[in-house]
2 protein chains.
Amino acid sequence: MTTTAGGFTLPGEAGHEDLTLALAERWGADVIRDSDGTSLSREILDSGHGIYSTLCLIREDNDWAKANPDKLQQNFLMTTPVTATGPEVTIELLAGYSRDQFVVNDWDGLEFWQVFDRTTGLEVPRERWELVEGGRVVVRGVEPWHSYTVNFLVTRIWEEISMYNHVTNDWGDREHLRAVEPRHPEVREHLLAWLEQWCVDHPDTTVVRFTSLFYNFAWFWGDDPALPHVYADWGSYDFTVNPIALREFTAATGMTITSEDFVNAGRYTSTHNPPSEVYRAWMAFTQDFVLELGKACVDVVHRHGKKAYVFYDDSWVGLEPYSGRFTEYGFDGLIKAVFSGYEARLCAGADVPTHELRLHPYLFPIDLEGKPTFAEGGDPTSDARAYWTTLRRALLRAPIDRIGLGGYLSLTEPFGDFQDYIAQVADEHRLIRQLHADGAPHTSPVRVGVLTAWGSLRTWTTSGHLHENPELTLLHVLESLAGLPLQVTFHSLAEVAAGGVPEDVDVLINAGDAGSAWSGGEAWANPALVTAVTAFVARGGGLVGLGQPSATTFSTRFFQLADVLGVDQDTGDRIRLMRRTFDLAEGHAVLAHGADDAGLGVQPGVFLTRSDATVLAADGGTPVATAASFGAGRAVYLADHRHGAGATRRLENAILWAAGAERTGWWSTDPRAEVAAFPASGRLVVVSTTDEAITTTVHGGTDREVSLEPGGMVVLKM
Amino acid sequence: MTTTAGGFTLPGEAGHEDLTLALAERWGADVIRDSDGTSLSREILDSGHGIYSTLCLIREDNDWAKANPDKLQQNFLMTTPVTATGPEVTIELLAGYSRDQFVVNDWDGLEFWQVFDRTTGLEVPRERWELVEGGRVVVRGVEPWHSYTVNFLVTRIWEEISMYNHVTNDWGDREHLRAVEPRHPEVREHLLAWLEQWCVDHPDTTVVRFTSLFYNFAWFWGDDPALPHVYADWGSYDFTVNPIALREFTAATGMTITSEDFVNAGRYTSTHNPPSEVYRAWMAFTQDFVLELGKACVDVVHRHGKKAYVFYDDSWVGLEPYSGRFTEYGFDGLIKAVFSGYEARLCAGADVPTHELRLHPYLFPIDLEGKPTFAEGGDPTSDARAYWTTLRRALLRAPIDRIGLGGYLSLTEPFGDFQDYIAQVADEHRLIRQLHADGAPHTSPVRVGVLTAWGSLRTWTTSGHLHENPELTLLHVLESLAGLPLQVTFHSLAEVAAGGVPEDVDVLINAGDAGSAWSGGEAWANPALVTAVTAFVARGGGLVGLGQPSATTFSTRFFQLADVLGVDQDTGDRIRLMRRTFDLAEGHAVLAHGADDAGLGVQPGVFLTRSDATVLAADGGTPVATAASFGAGRAVYLADHRHGAGATRRLENAILWAAGAERTGWWSTDPRAEVAAFPASGRLVVVSTTDEAITTTVHGGTDREVSLEPGGMVVLKM
């Protein structure tokens, strides 16, 4: 097995040309890129490497943006609720919000504003409120002691990623970049012209790396040191709102959309909550617009003989690589910033020629959570090893074409061991890539369908990174699945309610908190959905429910699939209904083969609904893992899932047991080692997911003993 | 201070006359009673003591009951849900239920049965189902994979307290007692005639102790060893249901009532859930009936020159000492079985001449939870001390006239230290009783109003004993309040919504889980309620919210009083809305004077809604105790409350701070000692609530140091 150069994108840095070219050689980089805050010098551009240039079109021409303050991006905000003490209440619109980010839009779109009595939940008629000097709204004829809010439009005068980079790196008086709104025809025209000229001016660039398209995910900053960020959601379309779009939406769809459809009484349109019908329509409307303009941009780039890649983060909203129309853009590559294995699968699964991962740590002094990386107290090598061993198991299952880094390369100078480790990572990546190129790895015949409110649109993700919402059961499930040799597809509750469980699914997974988009919320009050899943299992299908699967307050059950699962949950309205006692089952297949009971947590009030459900693990008197037959099928309930080696094995066992399938293929006794078989190459790749040295038996064909260094990888003949 | 005999009720036991009379002397008993399973012999009856005879009228004449199987008590049950696999489903009615307790009533009232498709939540039309042989219902034309249940009427052939005593004491083939239904005119006539004759036959009896009236609290037994009890609720009116009553209810009220109004999709009418309007009407209708017949019984007893006491447990349903009409019965006394201080207040607060507590441990080999008491491995003296020191602090605040025991006196023979301890208890009781007789204890001017769905009907209780639902925040609050020198009243949400917070309340308490009758559930979606409490606090009132106060899913907030409290809770639909950071306040009055942060627990997702709310204690980043001003008033939030010395002090501090009041009166530095001042007697009573010896300073007037034995009590001059 030989490794060669290539498949690696290095962040170059003007002023550090020697370092740039030395590391390019050492890491086998075929491409050099710039980053936010860095540029590439002539010496680098002429070094014979491919050149990626990052462009964030909406904020590139800041002079133009400053000269056109009415062409900036907008969004709705809801004020803090204010309690009326008399017949009139005055509400300061921006109280609590960053005035560096937001200004009240008082020149267009006032017809979209809404004032609510949040104590009654009712809107206040338009004639009872007015916008007055100083960014305030006065509401008259109010009920004393009721609470009032205003939904209002703001313009953003600081693009949020620029804001983040600026604040994180203490950029002082460097100018604040502004994001223009491409729904204005003048903006569209300007962007395309600017891009055209840019391509002319940058003959060295081989790949334009769009970072990203037009709309960032929602990110509201605050002005209170105790609340510096108010709201941030990786998938929320708040920043696509503006009066032009609102008017065009109604003209195009005939549907009415209001500020409250975005504000949702202050919950906004978080990806973690089930979307409304009108919001789904808005998303589709936005996707159409982003596709049309994005494709025009790609065409410009192609016309200049360059490739166009797009970054699947930051202003990615509307891009939606899993909308089914992604190929229409004509992008040559998709780049994903990754911390976790599921994000590698998210990238790998998109239909595009080149899949590239931007690894972490980012070459910044501190990380996204404010901890030091390339700075005093940081240990970037350990960080890099942890990220890579987390990711690598996913790369064994689905091919990734390229990896790379971002940031300030010069920061790596004091960290020679980091430079060494990245060279090893680049080699491992090229080896795995070659194995995929030679033929697909072995995959179990068991087909898993993940069932959420979003379905395939949110394939291999919920929303954002695992560290942002580590409590999400489904994210941990996805992270475990990312490195398992299973076939995984994603399906929406609406799709199953309308057409039944798809034919190509053997085991359904529903995982998450009650009310969330991941469990599904009120969709489970739809008898068609419950009936479809019940019939599927009764006829021989498998179901793995985690957390609060199928949960909603409706009729007799809280878990609407309680009859199938054999467990339900008392949320407090059944405290005098006694709970069945049980003995723990011994030696069940779900907990076999090195699986453990780590991270099962407990869902308080879970109880058995049937005498024939088997309890595999319990917390006190509360079952936390159960298995039950239902008709010709089977169901497993797990109270929670925290990604880890023993938990991943348990999840795999649960899926296989629910499918009525035996464990086959290649696997290791110690679940901290994972095995991928590449039959075409006749190779087994065994990777460690732990920072301890381990020795384990690899099963499949002839059993053999394998030793792995901490985080190590070995390649064996099959 | 002298103690005398009296105020003590001793359970006598035929065959143990010497013991009975010796202990009567030693404990200062003025009254001897019989108990379930014991009788009094001539020697005891002639001993010169008052004689209580326990009567449970509905099960006294078992021969008559057996001869009239159509005159027994009934109730609704819901079957276990059954999933249809084809166009027809057969449901076995009694599956899972005790056939010793229940038989299907197939001779009357079939028109009240209902069959539901629980997948759709809709009722199945009557023509699509029929009752068939073998206690089964066949439902035709069903939807495959939907889940079906039947609400049906059963007759009970074993009265539940008889069942409990029988099973607990292994009574083998002793006959099963049956409860007759007094709604039948023949039953009513028989009961009154029987009571008349009984009084004639029992000239020695001075007090008829009704144990209790006509309807037991709901208690469904199961037939599965893993689920021996299915449902039990101390305040639920399920056992008042029968076809006669159902028909009379509609005739009397014009309201329709259905089986589903009692079954509630399997949740039944648990006291812990907010009651529906029709169920409240049913309760009132039942109370009228119980009062009318109960009064007739009391009249019989009085006519025979005896007194009539009633036991406030077991078949107490419909009695409702806090309905406002309790005095109409003409009872001479109310007897309450007590484990906790709040139950003593429950008894003391009823409007009746004599208040008696039946102490624990009950003289049985094992206790209600199955642990040994008067048996190998038991320690009844420790049990008695723990109960008494728990109770005694409540007796300092409200007068109790009598105490007593129940069960088999002979079981105490091997436990001489128990006999000694009860002598001490009886003396302490008589001393406290005398102090009350000489003049009321000092009470703080601060008036506390406890706000629940039930209001005053559930004064000083939620439902049942603390050990039955130890998770209930409100029960712990009541237990702490029971021994504090505060004025406490109970108010319903409906009353406050309609008329505002009563004038005689300074501080409102709302405590409990979201959706429960104690927090209030959907009642909080009523703007009138939220407005009333908001206005009350804004104008200077106090609010102490515990657990999930005012919580319901409605509009902007989850805690509908979030604007007042300064905290709200994210139940999962706000996970991308960031939470305000905070510093812990030091030295706040709520945590002063020996208060601690024990038992505050955590409500996950609680966050600050205002920058001016003060965090007193936190669990990680989640506030668990906060204090905030609101207008002229104040609000305290506590995530939970577990009764204990430091927590009781904290609750008292919170109430005083919310009222804007200073700590005054008499109190001890160590909260494990509680102080009651009796100004008329010029005495301070200092009681220990701990089983450790303590020394503390008693404040008020002249500070002085006091030492207390474990569980001890001292009386000082003021």
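What counts as what
Residues numbered from 1 in each chain as written. Chains lettered and ligands numbered in written order. Predicted model: local features only at pLDDT ≥ 70, side-chain atom pairs only at ≥ 80, totals over all residues. Heavy atoms only, no water. Helix = DSSP H or I, 4+ residues; strand = E, 2+ residues; numbered from the N terminus. Rg over C-alpha atoms; globule rule 2.2 N^0.38 Å. Contact = heavy atoms within 4.5 Å. Least-squares fit on C-alpha atoms with pLDDT ≥ 70 in both. Phe/Tyr/Trp six-rings, centres within 6.5 Å; stacked < 30°, edge-to-face > 60°. Buried < 20%, exposed > 50% of the residue type's maximum accessible area, 1.4 Å probe, protein only. Lys NZ or Arg CZ within 6 Å of the ring centre and 35° of its normal. Buried area = accessible area lost by both parts, 1.4 Å probe. Polar contact = N/O pair within 3.5 Å; in protein donor to acceptor, adjacent residues only side chain to side chain. Pairing = 2+ DSSP bridges. Axes fitted to C-alpha atoms, helices over the stretch in contact; angles between N-to-C directions. Core = buried A, V, L, I, M, F, W, Y, C linked by side-chain atoms within 4.5 Å. Left-handed = near helix turned anticlockwise from the far one by under 90°. Nonpolar A, V, L, I, M, F, W, Y, C, P; charged D, E, K, R; others polar. UniProt positions renumbered as here; feature names shortened; annotations may be inferred. Domains from an automatic or database assignment. Salt bridge = Lys/Arg side-chain N within 4 Å of Asp/Glu carboxyl O. Right-handed = clockwise from strand over helix to strand, strands pointing away. Expected span 1.5 Å × (residues − 1).

### A few points about the overall build of chain A
For chain A, the count of helices and strands is 16 helices and 34 strands. In terms of overall size, chain A behaves like a compact globule, its C-alpha atoms giving a radius of gyration of 27 Å where 718 residues would be expected to give roughly 27 Å. Projecting the C-alpha coordinates of chain A onto the three principal axes gives extents of approximately 75 × 70 × 45 Å. Restricting the contact set of chain A to residue pairs at least 6 apart, pairs at least 24 apart contribute 72%.

### Observations regarding the relation of the copies chain B and chain A
Mapping chain B onto chain A calls for a screw motion: a turn of 180° about the axis and a shift of 0.0 Å along it, with 0.0 Å RMSD after fitting. Expressed as a symmetry operation, the mapping of one chain copy onto the other fits a two-fold axis. Closest approach to the rotation axis among the C-alpha atoms of chain B is made by B:Thr553, whose C-alpha sits 5.8 Å away.

### With respect to the packing of aromatic side chains
Residues and elements named next belong to chain A. Counted by the stated rule, this structure contains 72 aromatic pairs over all chains. Seen from their ring centres, Phe326 and Phe331 are 6.2 Å apart, and the 35° between their planes marks the pair as tilted. Of the two residues, Phe326 and Phe331, both sit in the buried class. Each member of the aromatic cluster is reached from another via a ring pair, and the members are Phe76, Tyr237, Phe249, Phe262, Tyr279, Trp282 and Phe285. Here the basic side chain of Arg156 rests over the ring of Phe239, its NZ or CZ set 3.4 Å away from the ring centre.

### Notes on the interface of chain B and chain A
Counting from both sides, the interface comprises 55 residues of chain B and, opposite them, 55 residues of chain A. Both sides of the chain B and chain A interface together cover about 4700 Å² of buried area, and 53% of this is carbon and sulfur. On the chain B side of the contact with chain A, B:Trp145, B:Arg267 and B:Arg576 bury the most area, a combined 17% of that side's loss. Counting across the interface, chain B meets chain A through 27 residue pairs in polar contact (both at pLDDT 80 or more). Listing elements by their share of the side of chain B that touches chain A, those giving two or more residues are β15 (227–233) and α14 (527–538) of chain B.

### Points about the pairing of strand β22 (residues 507–512) of chain A
Residue and element names in this part refer to chain A. In terms of burial, β22 is a largely internal element, six of the six residues being buried. Covered by surrounding structure in β22 are Val507, Ile509 and Ala511 together with Leu508, Asn510 and Gly512, the residues of both alternating faces. One ladder, built from three bridges, connects strand β20 (residues 447–452) with β22; its direction is parallel. Note that in β22 the partner of Val448 across the bridge is Val507. Pairing of β22 with strand β23 (residues 542–547) involves six bridges; the strand directions are parallel.

### As for the sheet that holds strand β27 (residues 622–630) of chain B
Two modes of strand pairing occur in sheets, parallel and antiparallel, and in both the strands are linked by backbone hydrogen bonds. Residues and elements named next belong to chain B. Strand order in the open sheet made by the seven strands is β21-β20-β22-β23-β28-β27-β26, with mixed pairing throughout. Of all the strands in the sheet, just β21 (487–492) and β26 (614–619) have a single pairing partner and so form its edges. Averaged over neighbouring strand pairs, the angle between their axes works out to 15° when direction is ignored. On the sheet, helix α12 (residues 473–482) packs against β20 (447–452), β21, β22 (507–512) and β23 (542–547) and is oriented at approximately 140° with respect to β22. Sheet strands in contact with helix α16 (residues 645–659) are β20, β22, β23, β27 and β28 (633–638), and its direction is about 155° off that of β28.

### Comments concerning the nonpolar core
As a rule of thumb, soluble globular proteins bury nonpolar side chains together. Counting residues in hydrophobic clusters, the biggest one holds 223 residues, and the most contacted among them are A:Phe210, A:Phe331, A:Leu481 and A:Val533. If you tally residues by element for this core, the top one is helix α8 (residues 277–303) of chain A, at 15 residues. Beyond its immediate sequence surroundings of up to four residues, A:Val533 is in contact with A:Leu451, A:Val496, A:Val501, A:Leu508, A:Trp524, A:Leu543 and A:Leu561. With 219 residues, the next largest nonpolar core counts B:Ile32, B:Leu493, B:Phe558 and B:Ala658 among its residues.

### Remarks on the packing of helix α9 (residues 341–348) of chain A against helix α10 (residues 380–397) of chain A
Residue and element names in this part refer to chain A. At a closest axis distance of 7 Å, the pairing of α9 and α10 adopts a crossing angle of 35°. Here α9 and α10 pass one another in a crossing that is right-handed. Between α9, through Gly341, Ala344 and Arg345, and α10, the contact on the second element is made entirely by Thr390, Leu391, Ala394, Leu395 and Arg397. Of the residues contributing to the contact of α9 with α10, the split by class is four nonpolar, two polar and two charged.

### Concerning the UniProt feature "domain: Lacto-N-biose phosphorylase central" (unreviewed entry) in chain A
Taking the numbering used here, the UniProt-annotated feature "domain: Lacto-N-biose phosphorylase central" (unreviewed entry) corresponds to residues 447–662 of chain A. For residues 447–662 of chain A, the end-to-end C-alpha separation is 14 Å, with 22% helix and 24% strand making up the annotated structure.

### Structural notes on helix α12 (residues 473–482) of chain A
Each α-helix turn comprises 3.6 residues. Residues three or four places apart therefore point the same way. For α12(A), a buried count of 10 out of 10 residues is recorded, marking the element as mostly surrounded by other parts of the structure. Buried within α12(A) we find A:Thr473, A:Leu474, A:Leu475, A:His476, A:Val477, A:Leu478, A:Glu479, A:Ser480, A:Leu481 and A:Ala482.

### Digging into the domain arrangement of chain A
Many analyses report the size of an interface as the accessible area lost when the parts associate. Residues and elements named next belong to chain A. Split by domain assignment, chain A resolves into domain 1 (8–63 + 185–218 + 276–437), domain 2 (447–659) and domain 3 (667–717). Placing a centre on the C-alpha atoms of domain 2 and another on those of domain 3 gives a separation of 30 Å. With seven residues of domain 2 at the contact, the number on the domain 3 side is eight residues. Together domain 2 and domain 3 conceal approximately 520 Å² of surface at their shared face, both sides included; 57% is due to carbon and sulfur atoms. For the interface between domain 2 and domain 3, the tally reads zero salt bridges. For the side of domain 2 that touches domain 3, the residue count by class is two nonpolar, four polar and one charged.

### A short note on the pairing of strand β18 (residues 354–358) of chain B
Residue and element names in this part refer to chain B. Burial analysis of β18 places five of its five residues in the buried class, the great majority of the element. At this point the chain moves from strand β17 (residues 333–337), through helix α9 (residues 341–348), to the parallel β18, and the crossover so formed is right-handed. Bridge count between β18 and strand β19 (residues 402–404): three bridges; the pairing is parallel. Looking across to β19, one finds that Glu356 is bridged to Arg402. Crossover connection from β18 via helix α10 (residues 380–395) to parallel β19: handedness right-handed.

### Brief notes about helix α11 (residues 416–438) of chain B
The terminal C-alpha atoms of α11(B) lie 34 Å apart, and with 23 residues this matches the ideal 33 Å at 1.5 Å per residue to within 8%. Just beyond α11(B), the residue with positive phi is B:Gly439, at close to 155°.

### Describing the pattern of salt bridges
Residues and elements named next belong to chain A. In total, this model carries 76 salt bridges over all chains according to the counting rule given. Ionic pairing is found between Asp30 and Arg402, a salt bridge with its closest N-O pair at 2.7 Å. With a gap of 372 residues between them, Asp30 in the loop between α1 (17–26) and β2 (31–33) and Arg402 in strand β19 (residues 402–404) connect regions that are remote in the sequence. Sharing partners across several salt bridges, the network here consists of Asp30, Glu356 and Arg402.

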